[in-house]
Structure formats: structure tokens, C-alpha cells
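As a plain string of letters, each chain reads:
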Amino acid sequence: MLRSIADALRMIGSAIATVVTLPFRLLARLFGGASRSASRGGRTRHV
């Protein structure tokens, strides 16, 4: 009984952690990509 409650709480906690960290991971990816393209000399022109 206690094990099933602990498993349920663990699943809820991991879901909350995923939802909370998702925006920060998206921002990190956005700014990481922007800094990479800026360090290469800005936008690249496709011919």
C-alpha cells in the first residue's frame, strides 16, 4: 500500500519537474542557438 502511494507521488513529482523545466530548456536551446549563429558571423546566406 505505501509502495503504491510512493510510486504515485514519484510519478507526479517527475511530471511536475518535467513541466517546470521544459520552458527553461527551450530558452536555453533558443539562446544557445542564437549565440552559436552570432559567433559564426551572424546569419549565413544560402545561395
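Residues numbered from 1 in each chain as written. Predicted model: local features only at pLDDT ≥ 70, side-chain atom pairs only at ≥ 80, totals over all residues. Heavy atoms only, no water.

Focus on the overall build of the protein chain
No. 1: Regarding its fold elements, the protein chain presents 1 helix and 0 strands.
No. 2: Expressed as a percentage of its 47 residues, the buried residues of the protein chain come to 0%.
No. 3: Of the roughly 4700 Å² that the protein chain leaves accessible, carbon and sulfur atoms contribute 68%. (Helix = DSSP H or I, 4+ residues; strand = E, 2+ residues; numbered from the N terminus. Buried < 20%, exposed > 50% of the residue type's maximum accessible area, 1.4 Å probe, protein only. Areas by Shrake-Rupley, 256 points an atom, 1.4 Å probe, with all protein chains shown as cover.)

Remarks on the pattern of salt bridges
No. 1: Under the defined criterion, the tally for this structure stands at 1 salt bridge.
No. 2: The shortest N-O distance in the salt bridge between R10 and D7 comes to 2.8 Å. Placement of both R10 and D7 in helix α1 (residues 2-39) is noted, with a separation of 3 residues, approximately one turn of the helix.
No. 3: D7 gets classed as partly exposed once you look at its relative accessible area, which sits at 34%. (Salt bridge = Lys/Arg side-chain N within 4 Å of Asp/Glu carboxyl O.)

Brief notes about a nonpolar patch on the surface
No. 1: A cluster of nonpolar residues, M1, L2, I5, L9, I12, I16, V20, F24, L27, L30 and F31, forms a patch on the protein surface that exposes about 1200 Å² of accessible area.
No. 2: Within the element layout of this structure, I16 appears in helix α1. (Patch = residues over 30% accessible without salt bridge, like charges linked within 9 Å, V, L, I, M, F, W, Y side chains within 5 Å.)

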